[in-house]
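Next come the chains, spelled out residue by residue.
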Amino acid sequence: MLKAVTAFGDFFLPRFCSSCNGKLQPAETVVCPACLSKIKFAEDERIRSEFKRKFASNNIITDFISLYVFEKDKELQHIIHSLKYSNRFLTGKFLGSVLSVHLKKVISGWKIDVLIPVPLHQLKKAERGYNQSFYIAKGLGNSLKIPVSERFIRRKKYTQSQTTMTLKERQENIEGAFKAKRKLNLDGKNILLLDDVITTGSTILECGKVLLKAGANKVYAVSVAIAD
Ligand SMILES: [Zn+2]
């Protein structure tokens, strides 16, 4: 019956794949199976070496995981673009639930109390209208039954796009960008930070620093993808 209703709806209001723009079948949501199958998974070995490179020396992030590898001009970039500029709620929820299917075992082992999307600065949020990572967090949190909260930290520094910066420039640019909100008790809590794409890890490190200072027990990180 539900299938018939979707088919009926598709006839009048066809739905399209966020990546290739092909028409979706009634049973498909957001991304067609062909596009989804082309996205490159981040292998365990890659995750381990990225952890060493980005996080191991700071003692801030206890562990991290990413599902995919971000490749320029490929399917995942189109999907994340659509998350930022159109159809955001469905796309975010879709990505979050894909994460939950593949990463459930690892994340469950971390005993997470709160899932926190990396915050946007108020100005950027006003420009875009929303924080794209919030919708991914919602999809993941709903599936794994972990509460999602945007109330613990805020971004106080408006940072320029970091895409053309070197690692050192990025670190300086993001330093002191986040602040814990007052009166919220993080004591003893295990936090999972979520970002759409992790590149140098400096944003995650800055957030983690603030959360630990505010009393968090452990801070973990998850992202849809890892980028070079
Ligand atoms: Zn497609």
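The shown structure was predicted, so the numbers you read here are calculated from the model rather than taken from an experiment.

Side note on the coordination of the zinc ion
Looking at the metal site, the zinc ion is ligated by Cys17 (SG), Cys20 (SG), Cys32 (SG) and Cys35 (SG), spaced 2.3 to 2.4 Å from it. Coordination at the zinc ion is tetrahedral, judged from the four donor atoms that bind it and the angles of 103 to 115° they form at the metal.

Digging into unusual backbone geometry
Positive phi is not limited to glycine here, since Asn59 has a value of about 55°. Backbone geometry at Lys145 places phi at a positive 60°, although glycine is not the residue there. For Lys145, the location among the structural elements is in the loop between α7 (132–144) and β3 (153–155). Lys145 sits in the exposed class, given a relative accessible area of 72%.

Some thoughts on the environment of Leu76
Inspection of the secondary structure puts Leu76 in helix α4 (residues 75–85). Taking relative accessible area as the criterion, Leu76 reaches 2% and is therefore assigned buried. On a C-alpha basis, the gap between Leu76 and Ser57 in space is 30 Å, while along the polypeptide they are 19 residues apart. Dropping the residues within four chain positions of it, Leu76 is found in contact with Ile39, Tyr68, Val69, Phe70, Leu95, Val224 and Ala225.

A look at the nonpolar core
Grouped together as the largest cluster of nonpolar side chains are 40 residues, with contacts concentrated most on Leu95 and Ile107. Sorting the residues of this core by element identifies β1 (61–69), α4, α5 (88–109), α7, β5 (190–198) and β6 (218–226) as the ones contributing at least two each. A domain-level breakdown of this core finds at least three residues from each of domain 1 (1–38) and domain 2 (39–226). Not counting residues within four places of it along the chain, the set of residues in contact with Leu95 comprises Leu76, Ile79, Ile80, Leu83, Ile136 and Val224. Residues Phe51, Ile153, Ala177 and Val219 belong to the second largest nonpolar core, which totals 29 residues.

Some remarks on empty space enclosed by the protein
Any empty space left between the atoms is revealed when a probe the size of a water molecule rolls over them. Tallied over the entire structure, the rule returns one cavity of 30 Å³ or more. Volume-wise, the largest cavity comes out at about 30 Å³. If you trace the largest cavity, you find it lined by Lys38, Ile39, Lys40, Val69, Glu71, Lys74, Glu75 and Leu76. Grouping the amino acids of the lining of the largest cavity by side-chain chemistry returns three nonpolar, no polar and five charged.

Focus on the pattern of salt bridges
Close approach of charged atoms allows side chains with opposite charge to pair. For the structure shown, the criterion picks out nine salt bridges. With a shortest N-O distance of 2.8 Å, Arg46 and Glu50 are connected by a salt bridge. Residue Arg46 and its partner Glu50 are both found in helix α3 (residues 44–54); the two are separated by four residues, about one turn of the helix. Given the relative accessible area of 22%, Arg46 is considered partly exposed. One salt bridge in this structure joins Glu206 and Lys209, with 2.8 Å as the shortest N-O distance. With Glu206 and Lys209 both in helix α9 (residues 202–213) and three residues apart, the pair spans about one turn of that helix. Taking relative accessible area as the criterion, Lys209 reaches 41% and is therefore assigned partly exposed. Connected via shared salt-bridge partners are Arg46, Glu50, Arg53, Lys54 and Asp228.

Rules used throughout
Residues numbered from 1 in each chain as written. Predicted model: local features only at pLDDT ≥ 70, side-chain atom pairs only at ≥ 80, totals over all residues. Heavy atoms only, no water. Donors = N, O, S within 2.8 Å, 3.2 Å for Na, K, Ca; no water. Tetrahedral: all angles 85-135°; square planar, octahedral: opposite > 155°, others 65-115°. Helix = DSSP H or I, 4+ residues; strand = E, 2+ residues; numbered from the N terminus. Buried < 20%, exposed > 50% of the residue type's maximum accessible area, 1.4 Å probe, protein only. Contact = heavy atoms within 4.5 Å. Core = buried A, V, L, I, M, F, W, Y, C linked by side-chain atoms within 4.5 Å. Domains from an automatic or database assignment. 1 Å grid on protein atoms, 1.4 Å probe; cavity = no way out; pocket = protein on both sides within 12 Å on 5 of 7 lines; lining within 4 Å. Points joined across faces, edges and corners; volume = space filled by probe spheres on them. Nonpolar A, V, L, I, M, F, W, Y, C, P; charged D, E, K, R; others polar. Salt bridge = Lys/Arg side-chain N within 4 Å of Asp/Glu carboxyl O.

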